[in-house]
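Below are the chains, spelled out letter by letter.
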Amino acid sequence: MNRFSNKSVLVTGGSTGIGFAAAQAFIAEGAQVLITGRDTQTLDQARQQIASDRLITIRNDAGCIDDAKALAAEIARRGITLDAVFINAGIARFAEAAVASEELWDLTFDTNVKGPYFQIQALLPHLNRGTSIVFNGSINAQLGMPQTTIYAASKAALISLVKTLSAELLPRGVRVNVVSPGPVSTPLYGKLGLDAAALEATAAQIQSQIPLGRFGTPQEIAATVLHLASPESAFIVGTEIIADGGMSQL
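What counts and what doesn't
- Residues numbered from 1 in each chain as written.
- Predicted model: local features only at pLDDT ≥ 70, side-chain atom pairs only at ≥ 80, totals over all residues.
- Heavy atoms only, no water.
- Helix = DSSP H or I, 4+ residues; strand = E, 2+ residues; numbered from the N terminus.
- Rg over C-alpha atoms; globule rule 2.2 N^0.38 Å.
- Contact = heavy atoms within 4.5 Å.
- Areas by Shrake-Rupley, 256 points an atom, 1.4 Å probe, with all protein chains shown as cover.
- 1 Å grid on protein atoms, 1.4 Å probe; cavity = no way out; pocket = protein on both sides within 12 Å on 5 of 7 lines; lining within 4 Å.
- Points joined across faces, edges and corners; volume = space filled by probe spheres on them.
- Nonpolar A, V, L, I, M, F, W, Y, C, P; charged D, E, K, R; others polar.
- Buried < 20%, exposed > 50% of the residue type's maximum accessible area, 1.4 Å probe, protein only.
- Polar contact = N/O pair within 3.5 Å; in protein donor to acceptor, adjacent residues only side chain to side chain.
- Core = buried A, V, L, I, M, F, W, Y, C linked by side-chain atoms within 4.5 Å.

Chemist: I keep staring at the overall build of the protein chain and nothing clicks. Help me out?
Modeler: The secondary structure content of the protein chain amounts to seven helices and seven strands. Taken from the N to the C terminus, the helices and strands of the protein chain come in the order β-α-β-α-β-α-β-α-β-α-β-α-α-β. Relative to the 2.2 N^0.38 estimate, which gives 18 Å for 250 residues, the radius of gyration of the protein chain is 17 Å and therefore close to what a compact globule would have. Over its C-alpha atoms, taken along the principal directions, the protein chain stretches across nearly 50 × 40 × 35 Å. Looking at the protein chain alone, contacts between residues at least 24 apart form 73% of all its contacts between residues at least 6 apart. Split by element, the accessible area of the protein chain, about 11400 Å² in all, is 52% carbon and sulfur.

Chemist: Help me out: how do you make sense of the layout of surface pockets in this one?
Modeler: If a probe as big as a water molecule is rolled over the atoms, it shows which places are left empty. Of the pockets and cavities examined, the second largest pocket occupies roughly 180 Å³. Taken together, 10 residues form the lining of the second largest pocket, with Met145, Pro146, Gln147, Thr202 and Gln205 sitting closest to its centre. Along the lines of polarity and charge, the residues of the lining of the second largest pocket split into five nonpolar, five polar and no charged.

Chemist: I'm lost on the side chain of threonine 111 in this one. Help?
Modeler: Structurally, threonine 111 can be placed in helix H4 (residues 102-123). Residue threonine 111 is classed as buried on the basis of its relative accessible area, which comes to 3%. A distance of 3.1 Å separates a polar atom in the side chain of threonine 111 from a polar atom in the side chain of arginine 38.

Chemist: When you look at the nonpolar core in this model, what are you seeing that I'm missing?
Modeler: The nonpolar side chains of soluble globular proteins are, as a tendency, buried together. By size, the foremost hydrophobic cluster in this structure holds 32 residues, and its most contacted members are Leu82, Val85, Ile133 and Phe135. When residues of this core are traced back to their parent elements, those giving at least two are strand S3 (55-59), helix H3 (65-77), strand S4 (82-87), H4, strand S5 (127-136), helix H5 (149-169) and strand S6 (175-181). Tallying contributions element by element places H5 first for this core, with seven residues. Setting aside its immediate chain neighbours within four residues, isoleucine 133 contacts Val85, Ile87, Ile120, Leu127, Leu169, Val174, Arg175, Val176 and Asn177. Counting residues in each nonpolar core, the second largest holds 28 residues, with Val11, Val33, Ile35 and Leu43 among its members.

Below you can see the structure in the form of structure tokens.
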């Protein structure tokens, strides 16, 4: 299929995990894809792995408003207007409420809420009519999982933004939706702030709660992102699609 031929797509945090899988899928469907990331080396590795002349990599900090404006300016400089945006870049750091720091709060909300909000604001002049915006949420916003208070709150705020932005941007012909993954095997799980033993125990505990009995794959989430980004989902607006192996549903 070539659902995105002659279309341009932005994937923030596109150098690893779900964002990388989505970038690969959009490229396979014919799109020109721009991916962002904080780490130049990881971006270079993504470029080498995807190996397409329709891929553009841009170093960018998803939690920085100045970087959000700079990204929009770079897109304009290249003469690109966007047909789909996947706001995927995010941070997941877990800590008990009794010891969680203000620094962790600020980092999480800057990256997961403030950055995405002002990134969309900066991109508005560069969105074609019919553009689909997809946010990466999380089922943690629906679950009372210990040690996730800050992370879950940030994702709940992001999901709320989908509703309000949908209503506000619809007259521009822009749709906004969110995919909320459950546990997915990505490098993000290695960045939770837990040591190896705690990480292994946490993963085993989480897996035991998934009716399908396994973590999801980045490619499975990417497939849902592509559906929401494509014209075939034109009647889906302001909606959260949960992809969690039944964890929050059964």
